[in-house]
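Close look at the chain arrangement
If you want the building blocks of each chain, they are given just below.
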Amino acid sequence: MCIRDSTNAGLELADDNSGDFRFHVQMILSFIAGSTATGLINPHAKPYELGPHYGPTFLLGAVLLIIASIVAEEHPTSKAYYYLAAATNGLQNAMSSTYSANLIRSTHLTGTSTDIGIILGQVIRGNNKDLWKLYVLLGLATCFFLGSFTSFFAVREWAQWTLIFNSALFTTIGLGCIVFVSWQHNVSLLQAATGNWTWEVIIEHLKEWLAKFATDGQVNSSAFLEEMFDIIDHTGCGFIDQASLLRAMLQAGVSCCEECVLKLIKSADENGDGKISREEWRKAVASDHGITTDIATMNIQIVCDYCDHKRCREGHCPNRRPADHTCPSIGTGEP
């Protein structure tokens, strides 16, 4: 789209047609505005990782398309609905490019056609490494063609209201993303849509993880939380930073993006040093969120892979076999 508008803008400027020149420039700026919105909503997106903000971004695109359809109906001579549709295209293209590491460009076929040609040449010469990309790109090109073919009849039948069908598709994809993130991270739909994991959610997952190593006996909640702090602080440095919390969450089966982990750190970091001290940990997890006795009735023993070496030397490693076994970390000479 931007290639066409850039070309037309240059032609109209050369022909001294200022009105059409402004129109094409505004279309380009609208496309960029949509892409910018995607970047603002997804500031730390990673390729091939469906984060919590993809769903709301698609829903924003759905809203823009509905507004464009209404504007086209109420003000048919206005060009505002063009700009709204262009912004939606920019938003959609930015999302697909971000997720696929620029493999998928959903609003134009120039780059796609170029990539198809490149990969075909490589395959002919015996390099099949990117053959899977060729299948993806051919599927994308086919869908692009089918969308254009279908839109001809849809526009002829429903005119501007055709955008409602696009909006419904955006809404379906957006809600699908939210439901998937909710299922993947075992959080509520609201948390999946906002990306605001709470300490309750993280503690619940850590509790389930630690339950694998629980034995008979009881400890009070304070002791349980101290034990949990020590497990997350696997280096024994006396605080929890973003990396150590993310590590523990991944080990507990919580797939969480760095942005969400940073939010958790900030919510408990009272002195603003970017780390959670033991005292800040107690307040964030115990005082503010009321850890109850149902998670305090576990006498946690720590496997050597997750604990600091000193605890292994003290005999708390459940992997220690009678007589002939020592913790694997003891023989390394590490502290």
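Residues numbered from 1 in each chain as written. Predicted model: local features only at pLDDT ≥ 70, side-chain atom pairs only at ≥ 80, totals over all residues. Heavy atoms only, no water.

**Focus: unusual backbone geometry**
In this structure, D16 takes a positive phi of about 60° despite not being glycine. Summarising the element assignment, D16 is placed in the loop between α1 (2-14) and α2 (18-41). (Helix = DSSP H or I, 4+ residues; strand = E, 2+ residues; numbered from the N terminus.)

**A short note on the environment of C2**
For C2, the location among the structural elements is in helix α1. Taking the relative accessible area as the measure of exposure, C2 reaches 23% and is therefore partly exposed. Spatially, the C-alpha atoms of C2 and F31 are 7.6 Å apart, while their sequence positions differ by 29 residues. Residues in contact with C2, not counting those within four places in the same chain, are I28 and F31. (Buried < 20%, exposed > 50% of the residue type's maximum accessible area, 1.4 Å probe, protein only. Contact = heavy atoms within 4.5 Å.)

**What about the nonpolar core?**
Formed by 15 residues in total, the largest nonpolar core has its most connected members in I232, I240, L245, V261, I276 and W281. Of all elements in the fold, only α10 (221-232), α11 (242-251), α12 (258-268) and α13 (278-287) reach the threshold of two or more residues within this core. In terms of nonpolar packing, the next biggest core, distinct from the first, is built from 13 residues, Y54, A68, M95 and L163 among them. (Core = buried A, V, L, I, M, F, W, Y, C linked by side-chain atoms within 4.5 Å.)

**Points about the packing of aromatic side chains**
Applying the stated criterion across every chain yields a total of 10 aromatic pairs. Residues Y81 and Y82 carry aromatic rings whose centres are separated by 4.6 Å and whose planes lie at 25° to one another, so their mutual orientation is stacked. In textbook terms, an aromatic cluster arises when at least three aromatic residues are bridged by ring pairs, as seen for F23, Y81, Y82 and Y83. For K275, the ring lying beneath its charged end belongs to F239, and the centroid distance is 4.1 Å. (Phe/Tyr/Trp six-rings, centres within 6.5 Å; stacked < 30°, edge-to-face > 60°. Lys NZ or Arg CZ within 6 Å of the ring centre and 35° of its normal.)

**Re a nonpolar patch on the surface**
A cluster of nonpolar residues, Y48, Y99, W132, Y135, V136 and L138, forms a patch on the protein surface that exposes about 610 Å² of accessible area. With four residues, the single largest contributor to the nonpolar patch is helix α6 (residues 131-158). Tracing the chain through its elements places Y135 in helix α6. (Patch = residues over 30% accessible without salt bridge, like charges linked within 9 Å, V, L, I, M, F, W, Y side chains within 5 Å. Areas by Shrake-Rupley, 256 points an atom, 1.4 Å probe, with all protein chains shown as cover. Salt bridge = Lys/Arg side-chain N within 4 Å of Asp/Glu carboxyl O.)

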